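# Examination of the molecular architecture
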Amino acid sequence: MKRIFALLLILALVLVPMVACTKPETEPAATEESKPVTEPAETTEGEPEPERAEEIVKLGLGVRSSIARSRGASEGKGAMAQADTTIAAVGFDAEGIIRAVSIDVAQTQVAFNEDGSLADGAEAEIRSKKELKDDYAMKGASGIGKEWYEQMEALENWMIGKTVDEVMALPTVERDAGHKHVPDDPDLNSSVTITVEDYQQAVKEAWDQAQDAPGTLKVGLGVVTGTNSSKPAADDKGAFAQINTTAAAVALDGEGKIVKSIVDVVQDKVQYTPEGELPENVNEEVQTKLDIGAEYGMAKVSQIGKEWFEQIAAFTEWMVGKTIEEVNGLPVKERDAGHKHVPDDPDLTSSVTITVEDYQQAVTKAAQAAK
């Protein structure tokens, strides 16, 4: 018995510590120091976001002008010069898709009396079709009861998200002799009845000449037109009409600063004969100053030996990174009676000697209309 009791005692002494070892311990409350460290999720803070296809990275300006609708003097009527200038400012993404577009037309007339003198109102304020809005008075003659600016807004909205090839491929029909390219598309039939070929061509030209403008948020178009260089008939010379249209496409960033601006000018000229007849070249398309390039002939008379296209390039480059207020705050000086607003800034005195007030005004209008 004593031997059995001894064996049981030994067994108990062995099992009790083992059971005690399996008893769960109560863990102390976790402290900030004792908490397991969780690695933060990987972030891209400070890294540039990947380029999105919808971002505007190019800016284009297309300008097409014609004086074909001008007329000569006839019995009881004086001559009348007319310039139809179609302008498009377009923002494209990296894939060439239209992300912003603004189209306008400057339809400008210079009227003469039967004796070749300038008719009253020749120097009145000239507004583009978009600036005229309801005063253009198309609604009464429109089959859909919409003004020109309303139809243009519908056409612009249709272009957004399309390539230039798709815009050019828009099916059209001939409505009458004056409307040979009216949209024939279900998305436009109830909103656009104007002829659109010039608008398509202006957009294509904007794409063909587009310039880099990364970081663009908004694009705007500004148009300024003047007829002050027109002259009445005198001595053995007939009446002379000159219509100067300045166009500006402007790209703005999120802070309203200029990313890129493109400025061009078209000078539509009609030199009548002493009898008030039209010149032979009235049906030719008029080139802009940028199109003319070195053939414009300014370098040989320029104080700095630079052509117009070189000077306007320097001026628009100076605008980059500036607000419209800073552009309009440029100090200027009067060089002569024809150049009353020449830049007087150390950054421009060696590169720009042309007068710049019309360019500033067009750029300002573009920035105000940007969307």
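Since the structure is predicted, the reported quantities are computational estimates derived from the model, not experimental observations. Along every chain, residues carry numbers that run from 1 in the direction the sequence is written. Only residues with pLDDT of at least 70 are given local features in this predicted model, and only at 80 or more are side-chain atom pairs given and counted; all residues enter the totals for whole chains, interfaces and linings. Where side-chain values are given, they derive from all heavy atoms of the structure, hydrogens and water being excluded.

## A short note on the layout of surface pockets
In this analysis the probe radius is 1.4 Å and the grid spacing 1 Å, with only protein atoms considered; a cavity is a set of points the probe fits into but cannot get out of, a pocket is an open set with protein on both sides within 12 Å along at least five of seven lines, and lining residues have an atom within 4 Å of a point. Grid points are joined across faces, edges and corners, and a volume is the space filled by probe spheres set on the points. Roughly 910 Å³ of volume is contained in the largest pocket. Every residue lining the largest pocket is counted, 35 residues in all, and those nearest its centre are N244, G338, T355, E357 and D358. For the purposes of this entry, the term helix denotes a DSSP run of H or I that reaches at least four residues, the term strand denotes a run of E that reaches at least two, and both are numbered from the N terminus. Only strand 7 (218–226), strand 8 (240–252), strand 9 (258–271), helix 7 (308–319) and helix 9 (357–369) provide two or more residues apiece to the lining of the largest pocket. When residues in the lining of the largest pocket are grouped by element, the largest group, 5 residues, is from helix 9. The classification used treats Ala, Val, Leu, Ile, Met, Phe, Trp, Tyr, Cys and Pro as nonpolar, Asp, Glu, Lys and Arg as charged, and all other residues, Gly among them, as polar. Residue composition of the lining of the largest pocket, by class: 9 nonpolar, 17 polar and 9 charged. Secondary-structure elements contributing two or more residues to the lining of the second largest pocket are strand 1 (56–66), strand 2 (80–92), strand 3 (98–111) and helix 5 (197–208). Among the residues making up the lining of the second largest pocket, the classes are represented as 10 nonpolar, 10 polar and 9 charged.

## Side note on the sheet that holds strand 8
Whether two strands pair comes down to DSSP finding at least two bridges between them. Taking strand neighbours across the sheet as the criterion, the 3 strands line up as 7-8-9 in an open arrangement whose pairing is antiparallel. The open sheet has two edge strands with one neighbour each: strand 7 and strand 9. Between one strand and the next, the sheet's axes are offset by a mean angle of 15°, whatever the strand orientation. Across the sheet, helix 9 is in contact with strand 7, strand 8 and strand 9; its angle to strand 7 comes to roughly 140°. Lines fitted to the C-alpha atoms define the axes, with helices restricted to the stretch that makes contact. Angles between their N-to-C directions range from 0 to 180 degrees. Contacts are residue-level and defined by heavy atoms, with any inter-residue pair within 4.5 Å sufficient.

## A closer look at unusual backbone geometry
Even without being glycine, A137 reaches a positive phi, approximately 65°. Counting through the fold element by element, A137 comes out in the loop between helix 2 (129–132) and helix 3 (148–159). Residue exposure (1.4 Å probe, protein chains only): buried if accessible area is under 20% of the type maximum, exposed if over 50%, otherwise partly exposed. What makes A137 exposed here is its relative accessible area of 56%. Not every positive phi belongs to a glycine, and D235 is a case in point at roughly 55°. If you trace the backbone, D235 turns up in the loop between strand 7 and strand 8.

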